[in-house]
Amino acid sequence: MELLTILANRHTDWIRMAKSFGADQELAQDIVQEMYVRLYKYVDDAEKIMYNETEVNTFFVYVTLRNMYTSLMKAKSRFEFVDISILEDELIFEEANEEAEKNLVNLYNEIWEFADEWHWYDKKIFALYHNTDMSIRTLADETKISARSIFNTLKNARERIQEECNDSYQAWRSAQEE
């Protein structure tokens, strides 16, 4: 039996494992799918992760899922930009007021206008990271740019945005609190 078929037979168990680390249903699905890809891609000999011909080493899968979840959480915590989630279109104001909305649009425009003045490389990395759902690791794999370079570019971008756009950010925050 093929490795992926054997793993897929216990899909709900893997989802439950990923959720036990603190992942929601959607994130658990993503992590498990990524685990399938990793094991298929990097495990040359299926016997290394199998107890016998039909039983997968559950502990090996557990450690793989845990490491993937931990890496993802570390990456997310490192890149807390100027509360960049405020830039997403899905943002819903619970008690929206016109001033807060206006300040949000101003902040959004100011950040992207500021970013538009950057070197093409910085601008491209910033846009790719914030306009796609790719993690730094995925972005590095797709672009063949080192994860360290992407990390440093985003870190420097965050610092520049915090310096340049702080007034607009504070205006939005104060209008939101009203």
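Thresholds applied
- Residues numbered from 1 in each chain as written.
- Predicted model: local features only at pLDDT ≥ 70, side-chain atom pairs only at ≥ 80, totals over all residues.
- Heavy atoms only, no water.
- Helix = DSSP H or I, 4+ residues; strand = E, 2+ residues; numbered from the N terminus.
- Buried < 20%, exposed > 50% of the residue type's maximum accessible area, 1.4 Å probe, protein only.
- Contact = heavy atoms within 4.5 Å.
- Areas by Shrake-Rupley, 256 points an atom, 1.4 Å probe, with all protein chains shown as cover.
- Expected span 1.5 Å × (residues − 1).
- Phe/Tyr/Trp six-rings, centres within 6.5 Å; stacked < 30°, edge-to-face > 60°.
- Core = buried A, V, L, I, M, F, W, Y, C linked by side-chain atoms within 4.5 Å.

Structural notes on the overall build of the protein
Then comes step 1: Each helix and strand counted, the protein has 9 helices and 0 strands in total.
Then comes step 2: When the helices and strands of the protein are read in sequence order from the N terminus, they spell out α-α-α-α-α-α-α-α-α.
Then comes step 3: By residue count, 34% of the 178 residues in the protein fall in the buried class.
Then comes step 4: When contacts within the protein are restricted to residue pairs at least 6 apart in sequence, those whose partners lie at least 24 apart make up 66%.
Then comes step 5: Element-wise, carbon and sulfur atoms account for 46% of the exposed surface of the protein, whose accessible area totals about 11700 Å².

A short note on helix 3 (residues 25-42)
Because each turn of an α-helix spans 3.6 residues, side chains separated by three or four positions end up pointing in the same direction.
Then comes step 1: The first and last C-alpha atoms of helix 3 sit 25 Å apart over 18 residues, in line with the 26 Å expected at 1.5 Å per residue.
Then comes step 2: Buried within helix 3 are the following residues: Leu27, Ala28, Ile31, Val32, Met35, Tyr36 and Leu39.

A few points about the packing of aromatic side chains
Then comes step 1: Applying the stated criterion to the full structure yields 7 aromatic pairs.
Then comes step 2: Taken together, a centroid distance of 4.8 Å and an interplanar angle of 50° make the contact between Trp112 and Phe126 tilted. Residue Trp112 is found in helix 5 (residues 98-116), and its partner Phe126 is found in helix 6 (residues 120-131); the two are separated by 14 residues along the sequence.
Then comes step 3: By relative accessible area, which is 1% here, Phe126 ends up buried.
Then comes step 4: Between Trp120 and Tyr121 the ring centres are 6.1 Å apart and the planes differ by 90°, which places this aromatic pair in the edge-to-face class.
Then comes step 5: Among the residues examined, Trp120 registers a relative accessible area of 61% and is labelled exposed.
Then comes step 6: Grouping aromatic residues by their ring pairs yields a cluster made of Phe21, Phe59, Tyr62 and Tyr69.

Some words on the nonpolar core
Then comes step 1: With 24 residues, the main nonpolar core has Leu7, Trp14, Val32, Met35, Val61 and Leu65 as its most contacted residues.
Then comes step 2: Ranked by residues supplied to this core, first place goes to helix 3 with 7 residues.
Then comes step 3: Leu107, Phe114, Ala115 and Tyr169 belong to the second largest nonpolar core, which has 12 residues in total.

Observations regarding the environment of Met134
Then comes step 1: Locating Met134 in the fold gives a position in the loop between helix 6 and helix 7 (136-143).
Then comes step 2: Among the residues examined, Met134 registers a relative accessible area of 23% and is labelled partly exposed.
Then comes step 3: Ignoring sequence-local partners within four residues, the contact set of Met134 consists of Leu128, Tyr129, Leu139 and Glu142.

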